[in-house]
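Examining the three-dimensional arrangement
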Amino acid sequence: MPQVTLTVNGKRHTVAVEGRTLLVEVLREKLGLTGTHIGCDTSQCGACVVHVNGDSVKSCTMLALQAEGAEVTTIEGLAKPDGTLHPMQEMFREHHALQCGYCTPGMVMSAIDLVAKHPEGLTEREIREGLDGNLCRCTGYHNIVKAVAAAWPLMHQKAMPQAAE
Amino acid sequence: MYDFTYHRPTSVADAVALLGSDADAKALAGGQTFIPVLKQRLNKPSKVVDLAGLGLAGISLSGNALVIGASTRHADVAGSADVRRAIPGLAALAGGIGDNQVRHRGTIGGSLANNDPAACYPSAVLALGATIVTNKRSIAADDFFQGMFTTALEAGEIITSVSFPLPVAKSAYAKFNQPASRFALVGVFVAKGPAGVRVAVTGAGQNGVFRQRAMEAALTASWSPDAVAAITTPAADLNSDIHGSAEYRAHLITVMAKRAIAAAG
Ligand SMILES: Cc1cc2nc3c(=O)[nH]c(=O)nc-3n(C[C@H](O)[C@H](O)[C@H](O)COP(=O)(O)OP(=O)(O)OC[C@H]3O[C@@H](n4cnc5c(N)ncnc54)[C@H](O)[C@@H]3O)c2cc1C
Ligand code: FES
Ligand code: FES
C-alpha cells in the first residue's frame, strides 16, 4: 500500500493509503480529526475546507497522495493549546454565526484564508463572494458575514480601512 | 471511487510514457473536475498520472505573447500582475471560476482538456485566438474545441502551455452564473487583439464554445454595446435544460455580450 507523509496542525504523520483515498478520509478516519466535515459528493458545499500549504481547499476533492509533503491545517489546529479560540472562531461565537454547526468548520477555514489574503480590507460583497464555496442551510449567511467583518480588525490588528467599507 | 495506482512523474516524457503504457491511464491536474467524476464512478482509470510534478506552472510575458503553463492554477492567473496588465479580461475570468477553493486547485490545462460546455476558459482562448501547446504540437484555438467535452487532443497527449498573442487592446468576460454549480449558464468573452475582434460564447451551445460572428462583424465596424443590441443568436443550436431554455440562453447571449463590451471599455 502506498504511504503519504504530511504535517497536520504541526504534527508529522505517515499514513498508509490507497490511490483513491481522499485527504478528508485521512484526516477523519486515520487521524481522528472529525472536525472537518463531509457535506456533499459534488465538491460544492465546502464543509470539508482545510488549509493546504496556506491555501483553503476542499479536502474531499484532493487525493491524500496529492498532499505528500504538505502542511495541512484543520479546524482543530486553530485554537491555542490553552483553549483560547482563534479570532475568527471567537467572532463566529460572538455574532451567532452558527446554528447546527455543520458548515462551520469549513466556513471558518475559508473565512480565515479570505481575511488573511485581503490585508487591504473587504467589503460586505467581497466577503459574500469570497465564501461562495461554502453552503450553510441554517443561518441565512447574514451573521456569518458580520462575524467575518468583525474578525478582520482582530486578525490584522488595525481598523478595517475606510476604502473597503 | 474505484481504486487505481497513483503516479507522480517529474518529467513530461515520463508522464507521456505512463499515459501511453495503458489505455486506461488518465492524467490528473487540479482534480476539480476529475475527482468528482471518479467519485461518481463515471470513470475507472487503472493509473492516475498526476501532472503536478512536471514543472508546468508559471506565467511569462514576452513582447508578443503571454504564455501560461498548463498547471497554473486559476487563483494564480487571477492574481498575476502580468495577466492583469496584458489581458485584464482573462485575469477577471479566472477570478470568477467556481469559488476560492476551486481556484486554489483547478488549472488552465485541466479546464481546456476537459472542455466542459459551461466552462469559462474556452471562451477566452477562442476569443483571444490563443494557441494550445502540447507535448507534441501546437493547436490553434479554432481547431482545438471540437464539441462537448471533446478536443483535438489525442489519447495520452498532454497540454503543456497556452500562448495568448499580444497586444490585446480590449478584453472582458461577462458570465451569468448558474448559482448552484457556479459554472456559466451563459458566458461571453469579447476581445480585440492580433486575431481581430472576436466574440466567443460558452454555456449556451449544444456543441460547446462557439464564435458569434455577426457580433464580431458589428463590433469591427463599431465597438459599442449598442452595436450588438439587435443581434440575436438562433435558439435552434442552443442548450435547453432545467436551468434555462434555449430561447432564454439566446437572450442572455446578447445581454452578456453588451455587458462584456461595456466592461472592456
Ligand atoms: C464547485 C465547482 C465550481 C466550478 N465552477 C467553474 C466555473 O465557474 N467555470 C469553469 O470554467 N470551471 C468551473 N469548475 C471546474 C474547474 O475550473 C476545474 O478546475 C477545471 O474544469 C478542471 O481543471 P483541473 O485542473 O481541476 O483538472 P482535472 O479535474 O484534474 O482534470 C480534468 C480533465 O482534464 C485532463 N487533463 C488535466 N490536465 C491536463 C493536461 N495538462 N493535458 C491533458 N489533459 C489534462 C484530465 O485527464 C481530466 O480528464 C468548477 C468546479 C467545481 C468543483
Ligand atoms: S464535502 Fe462538500 S465540498 Fe467537500
Ligand atoms: S449552521 Fe447549519 S449548515 Fe450552517
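Here the structure is shown first, and the text comes after it.
Cut-off values and rules
Residues numbered from 1 in each chain as written. Chains lettered and ligands numbered in written order. Predicted model: local features only at pLDDT ≥ 70, side-chain atom pairs only at ≥ 80, totals over all residues. Heavy atoms only, no water. Near = heavy atom within 4 Å. Polar contact = N/O pair within 3.5 Å; in protein donor to acceptor, adjacent residues only side chain to side chain. Helix = DSSP H or I, 4+ residues; strand = E, 2+ residues; numbered from the N terminus. Nonpolar A, V, L, I, M, F, W, Y, C, P; charged D, E, K, R; others polar. Phe/Tyr/Trp six-rings, centres within 6.5 Å; stacked < 30°, edge-to-face > 60°. Lys NZ or Arg CZ within 6 Å of the ring centre and 35° of its normal. Contact = heavy atoms within 4.5 Å. Buried area = accessible area lost by both parts, 1.4 Å probe. Salt bridge = Lys/Arg side-chain N within 4 Å of Asp/Glu carboxyl O.

Concerning the site of ligand 1
Not every one of the 33 residues close to ligand 1 is listed here, only the nearest: Ala27(B), Phe34(B), Thr107(B), Cys120(B) and Arg182(B). The environment around ligand 1 is built from residues contributed by chains A and B. Ala29(B) is positioned with one of its backbone polar atoms (N or O) 2.7 Å from an oxygen atom of ligand 1. Gly98(B) is positioned such that a nitrogen or oxygen atom in its backbone is 3.1 Å from an oxygen atom of ligand 1. Residue assignment for the shell around ligand 1 shows that the elements contributing at least two residues are strand 2 (25–28) and helix 7 (108–114) of chain B. By residue number, the principal contributor to the shell around ligand 1 is helix 7 of chain B, which donates four residues. Split by residue class, the shell around ligand 1 holds 14 nonpolar, 14 polar and five charged.

Quick look at the packing of aromatic side chains
Residues and elements named next belong to chain B. This model, assessed by the stated rule, comprises three aromatic pairs over all chains. Note on phenylalanine 144 and phenylalanine 145: the rings are 5.1 Å apart at their centroids and 90° apart in plane angle, and the pair reads as edge-to-face. In this arrangement the basic side chain of arginine 41 is found over the ring face of tyrosine 2, its NZ or CZ atom lying 4.4 Å from the centre. If you follow lysine 44 out to its NZ or CZ, it ends over the ring of tyrosine 2, 4.8 Å from the centre.

Section: the interface of chain B and chain A
Taken together, the contact pairs 26 residues of chain B with 27 residues of chain A. For the pair chain B and chain A, the summed buried surface comes to about 2,200 Å²; carbon and sulfur atoms form 50% of the total. Where chain B touches chain A, the interface holds two salt bridges. Residues Lys58(A) and Asp99(B) are paired through a salt bridge, measuring 2.8 Å at the closest nitrogen-oxygen approach. Taken together, the links from chain B to chain A amount to 14 residue pairs in polar contact (both at pLDDT 80 or more). Secondary structure elements with two or more residues in the side of chain B that touches chain A: helix 2 (34–39) and helix 6 (100–103) of chain B. Tallied by class, the residues present in the side of chain B that touches chain A amount to ten nonpolar, eight polar and eight charged.

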